[in-house]
Amino acid sequence: MTKTIRYVIAIVVLLAVNLGLVFTEDTQSSSSFDDELFLIENIDQIQSVIITRGDVKIELTKNDAAWRLNDRFEADQNFMQILFSLLSQVKVKRTIGALDQEVSGNVIISFNGESNSFGFASDPLGTRSYFIKGGIAYQVEVPGYRDNVVNIFQLSEDQWRDRVVFDGSWRTIQNLRLTSTGGQLVIRFSNQFFEVDGIAKIDSSGVVDYLNQFQVFQANEMISEGRFPELDSLKSTNPLAILSIEDIQDSNEILFKIYPSLDGQPYHLVTKNDQSMMVFDKRRIESILKSNEDFRVKETP
């Protein structure tokens, strides 16, 4: 037997041993946990999701086709869709064993008279997600999802709230009045179209575009009183503008008060009917703060 042949045989044996180790490790790894341990297939049958973090409790309950938050508010449908998408795709990446850090909170998912519960946590850098069940921690992920999976369970009550505060367009709005430091705007429906106070020849397409910005009128975030003391104080000052809207879909006039932005802040505090508090970014508010003159047809030279 030549030296070359002996080398070839030795290499083949080493490769066989290495492949055997790889397959053995893969078999042991795959049999050590169920990668779909936390995956929920029957998402449409979920009746409630309860998230607890210390004294914080987020209770999301199904009410007909909509979802309620802590039995007080409508829940944000976008976040609900994200939550259900994560729960229906989450995979166990590996088993951690006993977690050597504090558990951030717990989740209870109820459906069909049954419940599924687990704890959740993240690594100190916030780059890995852990679900804990039966005292054992599992690193989890959602294929293609870049954010940390457990971030959805860290949302505050305000962040879970529905941010759509009005939904109307030129087809439903009957009257709109805006009083601001920049002037006054009055748009009212008359006969077959709108009139703008004091303007004989109006920019009709401009009026339609202006009214259509209130279709699915969504705040950046809802704000609870006491959460930001500086905004509570701002609410007691004179508003920058007052916007009232009458819409055929609502029997009551809707009143928005828009307050000046604080120094260095890229958003405005807005209240709805002197109750709900929310913030909108400056660009959205600037598109609303118009006067009658903005809808006068420009004369061509």
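Everything discussed here concerns the structure shown above.
Small disclaimer: the values here were computed from a predicted structure and weren't measured. (Residues numbered from 1 in each chain as written. Predicted model: local features only at pLDDT ≥ 70, side-chain atom pairs only at ≥ 80, totals over all residues. Heavy atoms only, no water.)

### Notes on the overall build of the chain
Tallying secondary structure elements over the chain gives six helices and 19 strands in all. Per-residue burial for the chain yields a buried fraction of 37% across its 301 residues. Within the chain, contacts between residues separated by at least 24 positions form 59% of all contacts whose residues are at least 6 apart in sequence. With the model as given, the accessible surface of the chain reaches about 17,400 Å², and the carbon-plus-sulfur share is 49%. (Helix = DSSP H or I, 4+ residues; strand = E, 2+ residues; numbered from the N terminus. Buried < 20%, exposed > 50% of the residue type's maximum accessible area, 1.4 Å probe, protein only. Contact = heavy atoms within 4.5 Å. Areas by Shrake-Rupley, 256 points an atom, 1.4 Å probe, with all protein chains shown as cover.)

### Focus on the sheet that holds strand E7 (residues 114-122)
Read across the sheet, nine strands follow the order E4-E3-E2-E1-E6-E7-E8-E9-E5 without closing on themselves; strand pairing throughout is antiparallel. Looking at strand neighbours, the two that pair on one side only are strand E4 (73-74) and strand E5 (91-97), the edges of this open sheet. (Pairing = 2+ DSSP bridges.)

### Examining the nonpolar core
Core analysis: the biggest nonpolar cluster contains 34 residues, and Ile46, Leu60, Leu83, Ile109, Phe131, Phe153 and Trp160 have the highest contact counts within it. For this core, the elements supplying multiple residues, two or more each, are strand E1 (46-53), strand E2 (56-63), strand E3 (66-69), helix H2 (77-87), strand E6 (105-111), E7 and strand E9 (136-141). Broken down by element, the residue count for this core peaks at five residues, all from H2. Excluding residues that lie within four positions of it along the chain, Leu60 makes contacts with Gln47, Ser48, Val49, Trp67, Arg68, Leu69, Ala75, Met80, Leu83 and Trp160. Membership of the second largest hydrophobic core comes to 30 residues, among which are Tyr210, Phe280, Ile285 and Ile288. (Core = buried A, V, L, I, M, F, W, Y, C linked by side-chain atoms within 4.5 Å.)

### Concerning the environment of Thr172
Secondary-structure assignment places Thr172 in the loop between strand E10 (164-166) and strand E11 (173-180). In sequence terms Thr172 and Ile248 are 76 residues apart; their C-alpha atoms lie 5.5 Å from each other. A polar contact of 2.6 Å, which involves the side chain of Thr172, links it to the side chain of Asp247. (Polar contact = N/O pair within 3.5 Å; in protein donor to acceptor, adjacent residues only side chain to side chain.)

### Thoughts on H2
Every buried residue of H2 is accounted for by Met80, Leu83, Phe84, Leu86 and Leu87. Buried positions in H2, seen along its axis, are confined to an arc of 160 degrees and lie on one side of it. On the buried face of H2, the contacting elements are E1, E2, E3, E6 and helix H3 (157-160). The distance from a side-chain oxygen at the start of H2 to the backbone nitrogen of Asn78 is 2.8 Å, and the residue carrying that oxygen is Asp76. (Arc of directions from axis to C-beta.)

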